[in-house]
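Survey of secondary and tertiary structure
The primary structure of each chain is shown beneath.
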Amino acid sequence: LLLRHFGMRLFGTCMTWFLWDISFYGNKLFHSTFITALTGEDTTLTQLGWATTLNAAVALVGYYGAALLVDKVGRFWLQQIGFLLSGVLFLAVAYSYEHISSGALVTLYMLSSFFGQLGPNCTTFLIPSEIFPTSQRSLCHGTSAALG
């Protein structure tokens with residue numbers, strides 16, 4: 001009965017959660033590469049801490065931006081635009097990695113963190129909690145998270 005009435009919604013939330021997890025954890029797997037590009041090979045622990053703090057601050061600005069925009073733009077469009085811009089940035093890094101300066105690489109990485117937090121990270125958790133009826137919400141939200 002649940003799948004008959006809410007199957008497409010559940011499929012959509014599961015797939016967006018899955019795509020976001022691939023994007024987010026894939027991005028974080030290469031975090032050290034981008035931090036090395038920012039700080040250099042012979043980095044101190046303090047420099048590493050400042051570079052990581054900078055990345056977290058950029059992501060936090062994106063998350064607060066999502067809080068400001070989510071009701072104005074709408075959840076669906078905020079998620080779609082965030083996925084699109086993150087994908088474009090990932091492709092830009094992939095195709096230009098061998099020929100790009102370290103400053104441009106860091107900029108692309110920081111922008112991907114910003115737009116990832118601005119769109120998909122916020123909406124991936126928000127949409128499943130709003131589109132399912134109260135009696136099915138926790139089951140569908142948990143299923144979406146588990147399949148992600």
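Residues numbered from 1 in each chain as written. Predicted model: local features only at pLDDT ≥ 70, side-chain atom pairs only at ≥ 80, totals over all residues. Heavy atoms only, no water.

**Structural notes on the nonpolar core**
One broad trend across soluble globular proteins is that nonpolar side chains are buried collectively. What counts here: Buried Ala, Val, Leu, Ile, Met, Phe, Trp, Tyr and Cys residues form a nonpolar core when they are joined through side-chain atoms within 4.5 Å. Relative accessibility under 20% of the residue-type maximum defines a buried residue, over 50% an exposed one, and the middle range a partly exposed one, all with a 1.4 Å probe and only protein chains included. The secondary structure listing takes helices from DSSP runs of H or I that are at least 4 residues long and strands from runs of E that are at least 2 residues long, numbered from the N terminus. For this analysis, residues touch if any pair of their heavy atoms sits within 4.5 Å.
Ranked by size, the top nonpolar core spans 12 residues in total: Phe34, Ala66, Val70, Leu78, Leu89, Val93, Leu105, Leu108, Tyr109, Phe115, Leu118 and Cys122. Going through the elements one at a time, helix 3 (45–73), helix 4 (75–96) and helix 5 (102–131) are the ones with two or more residues in this core. At six residues, helix 5 tops the list of elements feeding residues into this core. What tyrosine 109 contacts, discounting residues up to four positions off in sequence, is Asn27, Lys28, His31, Phe34 and Asn55. Core analysis: the next-biggest nonpolar cluster, separate from the first, contains five residues, Phe6, Leu10, Cys14 and Phe132 among them.

**Examining the packing of aromatic side chains**
Stated formally: Stacked, tilted and edge-to-face are the three classes assigned to paired rings of Phe, Tyr and Trp, where Trp is represented by its six-membered ring and a pair needs centres within 6.5 Å; plane angles under 30 degrees give stacked, over 60 edge-to-face, the rest tilted.
In this structure the tally under the stated criterion is five aromatic pairs. Measuring from ring centre to ring centre gives 5.0 Å for tryptophan 17 and phenylalanine 125, while their planes differ by 80°; the resulting arrangement is edge-to-face. Taken together, the positions of tryptophan 17 in helix 1 (residues 2–29) and phenylalanine 125 in helix 5 put the pair 108 residues apart, joining distant regions of the chain. A residue is classified by how much of its surface remains accessible, and tryptophan 17, at 6% relative accessible area, is buried.

**Quick notes on the environment of leucine 105**
Note that leucine 105 resides in helix 5. Judged by its relative accessible area of 5%, leucine 105 is buried. Measuring from C-alpha to C-alpha, the distance between leucine 105 and leucine 126 comes to 31 Å, with 21 residues separating the pair along the chain. Beyond its immediate stretch of four places on either side in the chain, leucine 105 contacts Phe34, Ala37, Val93, Tyr97 and Ile100.

**Things to note about the packing of helix 2 (residues 31–39) against helix 3**
Here is the rule we go by: Interaxial angle, 0 to 180 degrees, is taken between N-to-C directions of lines fitted to C-alpha atoms, where a helix line uses only the stretch in contact. Just so you know how the angles are binned, under 35 degrees is roughly parallel, over 145 roughly antiparallel, 65 to 115 roughly perpendicular, and the rest oblique. Crossing handedness: left-handed means the near helix sits turned counterclockwise from the far one by under a right angle, and right-handed means the same turn made clockwise.
It is at 10 Å that the axes of helix 2 and helix 3 come closest, and there the two elements cross at 115°. Taken together, the axes of helix 2 and helix 3 lie roughly perpendicular to each other. Crossing of helix 2 over helix 3 shows right-handed handedness. Side by side, helix 2 and helix 3 meet where His31, Ile35, Leu38 and Thr39 of the first sit next to Gln47, Leu48, Ala51, Thr52, Leu54 and Asn55 of the second.

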